[in-house]
Amino acid sequence: MEETQSYTNTSTKQAWIAEQAKAHPERVFTSLHHLIDRDWMREAYRRTRKDGASGIDGVRAADYERDLEANLTDLLERIKSGSYQAPPVRRHYIPKADGRMRPLGIPTLEDKVAQRAIVMLLEPIYEADFLPCSYGFRPGRSAHDALDTLYESVGKQGQGWVIDADLAGYFDSIPHAEIRALLDLRIKDGVVRRMINKWLRAGVLEAGTLYKTDTGTPQGGVASPLIANLVLHYVLDQWFVETVQPRLRGHSQLVRYADDCVPRRHAGGRKPSVQPCCTGDGGRPPAAAVQAEAANHLLLLRLRGVVVSELGKGRA
C-alpha cells in the first residue's frame, strides 16, 4: 500500500513538472526541490537497481534495507540541507567490442538513490525539450526504435548518404563548465544544482588513488546519461535541425543513440558535409551563444572517425 501511494504521489508531481515544461519552453525552474519528500525518496529507491556491484563503501541493498525508512529520511535531510557529501565513484573496466576497455564509474547504493531522486525531477523537463531524433537512455525509447527509424529511412525512403559518427571518449571529456552553462538554460534550483556540482567534483577512486577532474561524467552513474543527453541535445541535435538541415537539399534526418549518431540525406547531388557553426554571438540570444560555444568545444573538436558511405537506393 505504501509503495503504491509513493508511486502515485510521485507520478502526479512528475506530470505537473512535465506540463509546466511543455507549456513554458523558455522557463528556468528555480524551485523544484520542495517536491522531494519521503514518498519521492521511496520511489527513487524502488527505481534504483539493486543487483549491481557495490561502490567504495561496500554497502549493498540488503544492508541499506535493514533500516530503510530511517536511511531514506536521513538522505532526504542531507540533500535538502546541503550536507550531503557525494562519494567518489569506484573505477571499473569492461571490455569493448574492439578489444579496448571501457571505464565505468560505480557509485555507492545511497548515491544512486540520491541521483535517481534528482533525475526524477529533471527528466520530465528535458523529456519535454528533447527532440525525436534522440533515442538513448530515454523512457519509452530504445536502440530497437533507433534501428527501426534507420530501416524506414534508408531501406524504404531511399536516403542514400549516411554519416556514422561517434564522439570519442564523450562521457569522460564533457567539460564541466559547459554542463553548468547548459543547465542554466532550464535549471537554477539551488539544491538541485548543488547536488549535480557535487557529483561532477566527486572524482574517481582507482587502485586506491583518488583522481579529480574538471571534465566528464562517469559512465555507470544514474545521472550521467541524462547529463550526456542534455549536452548533445543543445550542441548536436538542435545544431543539426536548426543549422545543418536548412543547408541541405532534399530530406535529411538525424538518429542519435547516446554518443553515437547517424545523420542521413537522400542520394543525389553533392556529398554531404558537416560545416562548423559560427561561435560568435552575432546578436543572437544567450542560449544560442552558449550552444555554439559548447558545440565548438564538444562537437567540432571531438568528432572522430566519421565514415561517409554511399548506399544504393533502397539498400539497408
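Look a little higher up for the structure.
Residues numbered from 1 in each chain as written. Predicted model: local features only at pLDDT ≥ 70, side-chain atom pairs only at ≥ 80, totals over all residues. Heavy atoms only, no water.

Some remarks on the sheet that holds strand E2 (residues 101-106)
Defined as follows: Paired strands are those between which DSSP finds at least two bridges. Secondary structure counts use DSSP, requiring at least four H or I residues in a row for a helix and at least two E residues in a row for a strand, with both numbered from the N terminus. All axes are obtained by fitting lines to C-alpha atoms, using only the stretch in contact for helices, and the reported angles, taken between N-to-C directions, cover 0 to 180 degrees.
Taken in spatial order, the four strands line up as E2-E1-E4-E5 in an open sheet, and their pairing is mixed. This sheet does not close on itself; its edge strands, each paired only once, are E2 and strand E5 (209-211). When the angles between neighbouring strand axes are averaged without regard to direction, this sheet yields 40 degrees. Pairing between strand E1 (residues 89-95) and E2: six bridges, direction antiparallel. Opposite Arg90, over in E2, you have Ile106 as the bridge partner.

Quick look at the pattern of salt bridges
Test applied: Only one rule defines a salt bridge in this text: a Lys or Arg side-chain nitrogen within 4 Å of an Asp or Glu carboxyl oxygen. Each residue is placed in one exposure class: buried if its accessible area under a 1.4 Å probe, protein chains only, is under 20% of its type's maximum, exposed if it is over 50%, and partly exposed if it falls in between.
All told, the structure shown has 14 salt bridges when counted by the stated rule. Close ionic contact of Arg42 with Asp39 constitutes a salt bridge, the shortest N to O distance being 2.6 Å. Of this pair, Arg42 and Asp39 both sit in helix H2 (residues 38-47), three residues apart, which is roughly one turn of that helix. Both residues of the pair, Arg42 and Asp39, belong to the buried class. Ionic pairing is found between Arg78 and Asp74, a salt bridge with its closest N-O pair at 2.9 Å. Residue Arg78 and its partner Asp74 are located together in helix H4 (residues 68-81), separated by four residues, close to a single helical turn. For Asp74, a relative accessible area of 36% corresponds to the partly exposed category. It is possible to trace a salt-bridge network through shared partners that takes in Asp39, Arg42 and Glu69.

Focus: the side chain of Gln20
As a reminder of what qualifies: The contact rule is simple, with two residues in contact once any of their heavy atoms fall within 4.5 Å.
Along the chain, Gln20 falls in helix H1 (residues 2-23). With sequence-adjacent residues up to four places away left out, Gln20 is seen in contact with Arg27 and Phe29.

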